[in-house]
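Observations on the three-dimensional arrangement
Residues per chain, in single letters:
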Amino acid sequence: MSSSPAASSSPVAADVPPPRILLVAAFAALYVIWGSTYFGIAVAIETIPPFPMVGIRQLVAGVVLVAILRARGVAWPDRAHWTGAIVGGVLLLVLGNGLVAWAEQHIASGVASLVIATTPLSIMTIAALVPGGERPTARAVAGLLLGCAGLVVLAWPGAMAALRGEAAHGGIDAFGLVVLVFATICWATGTVLGRFLPRHANAFMASAQQMLVAGVVLLVTTMITGDLGRLDLGAISARSWLALGYLIAI
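Positions within a chain are numbered from 1, following the residues in the order the chain's sequence is written. Per-residue local features are limited, in this predicted model, to residues with pLDDT of at least 70; the limit for side-chain atom pairs, both in listing and counting, is 80 or more; totals at the level of whole chains, interfaces and linings are taken over all residues. With hydrogens and water excluded, all non-hydrogen atoms of the structure serve as input to the side-chain values.

1. Some remarks on the layout of surface pockets
The rule is simple: put a 1 Å grid over the protein atoms alone, call a set of points where a 1.4 Å probe fits but cannot get out a cavity, call an open set with protein on both sides within 12 Å along at least five of seven lines a pocket, and count a residue as lining if it has an atom within 4 Å of a point. Grid points are joined across faces, edges and corners, and a volume is the space filled by probe spheres set on the points. The volume enclosed by the largest pocket comes to roughly 930 Å³. Surrounding the largest pocket, 36 residues form its lining, Leu93, Trp187, Ser207, Gln210 and Met211 being those nearest its centre. Counting from the N terminus, the helices are the DSSP runs of H or I reaching at least four residues and the strands are the DSSP runs of E reaching at least two. Elements that contribute at least two residues to the lining of the largest pocket include exactly helix H2 (20–44), helix H3 (50–71), helix H4 (79–103), helix H8 (174–193), helix H9 (203–225) and helix H10 (238–249). For this classification, Asp, Glu, Lys and Arg are treated as charged, while Ala, Val, Leu, Ile, Met, Phe, Trp, Tyr, Cys and Pro are nonpolar and the rest, including Gly, are polar. Here the lining of the largest pocket is composed, by residue class, of 21 nonpolar, 12 polar and three charged. Space inside the second largest pocket adds up to approximately 250 Å³. Sorting the residues of the lining of the second largest pocket by element identifies H2, helix H5 (109–116) and helix H6 (119–129) as the ones contributing at least two each. For the lining of the second largest pocket, the element with the most residues is H2, which contributes six residues. Per-class residue counts for the lining of the second largest pocket are 10 nonpolar, three polar and no charged.

Set out below in structure tokens:
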């Protein structure tokens, strides 16, 4: 039986770019929703230690998402899918997201979101270094250098104060900024490596796997280090509970 014209043309249709309005809406959602999470993190860690907070956030979100997907008939991941989930979960959510939460103890959420906005530059650089990677254009390199210059401007007052053994009055905490930059590198590395690692065909299930991995790794790590012992449920403010709920849901 010959295929219908619609069926034969579907691969071509898949290559058609989406309407510009959808691209604009996607970027708006990305910056508004994702950007708001950095403020949510700052509020959550007011009374919840950073790593336990991120561990609870990821584990609860992962469990809920898996339950929803399984109820909708999405297949359980194969063993091979967990390889990619472990690498992605550790790089993206344990190191990337976890270190951001830690750094926000020392750096304002607005500055944190600004630094994290340089992540595409890290992705571009790392993608160019992998075998067969695409070399960045001169325009992209100029953007990378401009982003690095901006980070230097942000860090300079705090770094100079640290070298003099003084408090950075009104400046950016230099070590916190270094941790943030390292977090972006971890996120970028996980993003690039994710292209080559096996993952579930359902993108939501693949994300849920990463959340589960990150939640377990963070909570086990905090139990070993004793950081989980700092978690006092009675001392958590209503603001922090609401922020944690927002971070889990959004």
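2. Considering the confidence of the model for the protein chain
Residue-level confidence of the predictor is summarised by pLDDT, bounded by 0 at the bottom and 100 at the top. Scored by pLDDT, the protein chain comes out at a mean of 83, with 85% of its residues at no less than 70. We call two residues in contact when some of their heavy atoms are within 4.5 Å. Residue range residues 1–13 is modelled with pLDDT below 50. Its contacts to residues more than four positions away, or to other chains, number one contact.

3. Quick look at the nonpolar core
Here, the term nonpolar core denotes a set of buried Ala, Val, Leu, Ile, Met, Phe, Trp, Tyr and Cys residues that are joined through side-chain atoms within 4.5 Å. Exposure categories follow from relative accessible area, calculated using a 1.4 Å probe and restricted to protein chains: below 20% of the type maximum is buried, above 50% is exposed, and the middle band is partly exposed. Counting 41 residues, the largest nonpolar core has Ile41, Ile48, Met53, Val100, Ile107 and Leu180 as its most contacted members. Residue assignment for this core shows that the elements contributing at least two residues are H2, H3, H4, H5, H8, H9 and H10. It is H4 that provides the largest number of residues to this core, a total of seven residues. Judged by nonpolar contacts, the second largest core, of six residues, contains Ile126, Ala127, Val130 and Val192.

4. Observations regarding the side chain of Ser122
Here Ser122 is to be found in helix H6. By relative accessible area, Ser122 is classed as buried at 15%. Discounting residues that sit within four places of it in the chain, Ser122 has contacts with Thr184, Ile185 and Ala188.

5. With respect to the side chain of Thr222
Along the chain, the position of Thr222 falls in helix H9. For Thr222, a relative accessible area of 2% translates into the label buried. Beyond its immediate chain neighbours, meaning those up to four positions away, Thr222 contacts Phe51, Pro52, Asp227 and Leu228.

6. As for empty space enclosed by the protein
Inspection of every chain in the model, using the stated rule, returns one cavity of 30 Å³ or more. As for the largest cavity, its lining consists of Trp34, Tyr38, Gly96, Asn97, Val100, Ile116, Thr119, Ala183, Thr184 and Trp187. Those elements that provide at least two residues to the lining of the largest cavity are H2, H4 and H8. Split by residue class, the lining of the largest cavity holds six nonpolar, four polar and no charged.

7. Regarding the pattern of salt bridges
One side-chain nitrogen of Lys or Arg within 4 Å of one carboxyl oxygen of Asp or Glu is enough to make a salt bridge. Summed over the entire model, instances satisfying the criterion amount to two salt bridges. Two residues, Asp227 and Arg230, come together in a salt bridge whose shortest N-O distance is 2.6 Å. Judged by relative accessible area, Arg230 falls into the exposed class, the value being 53%.

8. Observations concerning a nonpolar patch on the surface
A cluster of nonpolar side chains, Leu23, Phe27, Leu30, Tyr31 and Trp34, forms an exposed patch at the surface whose accessible area comes to about 510 Å². In this structure, Leu30 sits in helix H2. Surface patches are drawn from residues lacking salt bridges whose relative accessible area is over 30%; two like charges belong together within 9 Å, two nonpolar side chains (Val, Leu, Ile, Met, Phe, Trp, Tyr) within 5 Å. Surface accessibility in these figures is a Shrake-Rupley result with a 1.4 Å probe; residues are shielded only by whichever protein chains are displayed.

9. Here's the deal with the packing of aromatic side chains
Side-chain rings of Phe, Tyr and Trp (the six-membered ring for Trp) are treated as a pair once their centres are within 6.5 Å; stacked means planes under 30 degrees apart, edge-to-face means over 60, and tilted covers the remaining angles. Within the structure shown, the criterion is met by three aromatic pairs. Centroid distance Trp34 to Trp187: 5.9 Å. Interplanar angle 40°. Geometry classified as tilted. Here Trp187 lies in helix H8 and Trp34 lies in helix H2, a separation of 153 residues in the sequence. Taking relative accessible area as the criterion, Trp187 reaches 24% and is therefore assigned partly exposed. Considering the side-chain rings of Trp102 and Phe175, the 5.8 Å spacing of their centres and the 90° angle between planes classify their relative orientation as edge-to-face. Within this pair, whereas Trp102 is found in helix H4, its partner Phe175 is found in helix H8, the two being separated by 73 residues in sequence. Classification of Trp102 as partly exposed rests on a relative accessible area of 23%.

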